[in-house]
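Residues per chain are reported as follows:
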Amino acid sequence: KKADAAKAFPNAFGLTVRYAMKASPNKAILKIFKARGLNIDASSGYECERAMRAGFAAEDISLSSQELPTFFPDLVKQGVKVNACSLSQLERFGEVFPGGEVGVRFNPGLGSGGTGKTNVGGPSSSFGIWYESLPKVKEIVEKYKLKVVRIHTHIGSGSDPAVWQKVSGMSLDLCREFPGVTTLNLGGGYKVGRMSYEKSTDLQVVGVPVKEAFEAFAKDTGRQLKLEIEPGTFLLANSCAVVTSVQDKVVTGTSEGHTFLKLDMGMTEVLRPSLYGSQHPLVSVSAAGTLPTTTADYVVVGHCCESGDLLTPAPDEPETISERTMGEVNIGDLIVIEGSGAYCAGMSSKNYNSFPEAPEVMKLEDGSFALIRQKQTLDQILANECDIA
């Protein structure tokens, strides 16, 4: 349903939806989105290879990376579409593929996001080529006789329609500078409310002014540009939960103390609260499978020997401890961490404290369950270590 909703994003002259596979790169998930007609947004050369192993054609993959891989020529020869995200990347591309077709990722000078860490546009972001470097971009393009066929911008994970409208206009202005551009990629996540009080982005609301901007651009220039979007969180955020148990309970007995629940998971599975101060619904379930009838205030922490392994930070403040009122539980009871479908399994601090990677289970359409990733073993953690002779 979410894939279909993304494919219904308002557009004037054609739309490509690229799954931002960094959100959760398991091949079972990739295959589902491939079957729904989505393409891939890759953030590393290794993600490109992973997507191809899952069945995606190289020409259906777009690479926009902070680190252009040394093997990018092989990817391009296979058909992967590269967006140069810095002047040096554009130079490297030109050196290997003079006269070739390339995309250019610009930082348009404006961004949006729930926190500074999720805003990837504007002067505090290293993502893309700063828009005022346009003359240098043209210089490199001319030097290597490159054909710029795509412009890519990425504003972050905000949901402000006014920001989307303004960034789309700024991005279209960049398209005017390159007459060979046929596609504008407006990368950016769409805010998804995980907590009951959080609002989610309405794609129809943010998409209408974008469609109108493309139509105005066509009327003014005679060029009908195709649109690309790159959802990740929108597709997956509320599709997954982590089921964990309370393995310990600690009380610090002062007026400033707390009751801490220690779980048998942590930043090794869900890093977002520690990194961003993100909020996830925490549902208490007794060991017998029933919901508690009483509540209590808890600080919920993970199993890592790390003070930052915190599941209940203050909103957008990862360093601030916050209590959460939730169903009363004891050691051996369960906690379900909802909203864990995006940027959790794919963005965990894997193997910290030598904890093995957790298994992943998918609920199928017929209600049955399938294991899509086995629990890691200690031998697998140690497999690449080498003895000193």
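So, here's what we can say about the structure. (Residues numbered from 1 in each chain as written. Predicted model: local features only at pLDDT ≥ 70, side-chain atom pairs only at ≥ 80, totals over all residues. Heavy atoms only, no water.)

### Here we look at the nonpolar core
Tyr19, Ile40, Leu90, Phe106, Ile151 and Leu235 are the most contacted members of the largest nonpolar core, which has 76 residues in total. Residues in contact with Tyr19, not counting those within four places in the same chain, are Ser24, Ile29, Leu30, Phe33, Leu38, Asn39, Ile40, Asp41, Pro231, Gly232, Leu235 and Leu236. With 16 residues, the next largest nonpolar core counts Leu261, Leu263, Met265 and Tyr298 among its residues. (Core = buried A, V, L, I, M, F, W, Y, C linked by side-chain atoms within 4.5 Å. Buried < 20%, exposed > 50% of the residue type's maximum accessible area, 1.4 Å probe, protein only. Contact = heavy atoms within 4.5 Å.)

### Details of the environment of Glu139
Tracing the backbone through its elements, the reader meets Glu139 in helix α6 (residues 134-144). Among the residues examined, Glu139 registers a relative accessible area of 47% and is labelled partly exposed. Residues Glu139 and Glu317, 178 residues apart in the sequence, show an inter-C-alpha distance of 43 Å. (Helix = DSSP H or I, 4+ residues; strand = E, 2+ residues; numbered from the N terminus.)

### Quick word on a nonpolar patch on the surface
A contiguous nonpolar patch, built from Val361, Phe369 and Leu371 and spanning about 350 Å² of accessible area, is present on the exposed surface. For Leu371, the location among the structural elements is in strand β19 (residues 369-373). In this structure Leu371 comes out as exposed when scored by relative accessible area, which is 54%. (Patch = residues over 30% accessible without salt bridge, like charges linked within 9 Å, V, L, I, M, F, W, Y side chains within 5 Å. Areas by Shrake-Rupley, 256 points an atom, 1.4 Å probe, with all protein chains shown as cover. Salt bridge = Lys/Arg side-chain N within 4 Å of Asp/Glu carboxyl O.)

### Focus on the side chain of Arg150
Structurally, Arg150 can be placed in strand β7 (residues 147-154). Despite its burial, Arg150 pairs with no opposite charge, the nearest such side chain being Glu228 at 5.7 Å. A polar atom in the side chain of Arg150 sits 2.8 Å from the backbone oxygen of Val82. When near neighbours in sequence (up to four residues on either side) are disregarded, Arg150 contacts Lys81, Val82, Asn83, Val102, Gly103, Val104, Val181 and Thr183. (Lys, Arg positive; Asp, Glu negative; His and termini not counted. Polar contact = N/O pair within 3.5 Å; in protein donor to acceptor, adjacent residues only side chain to side chain.)

This is a description of form; function is not addressed.
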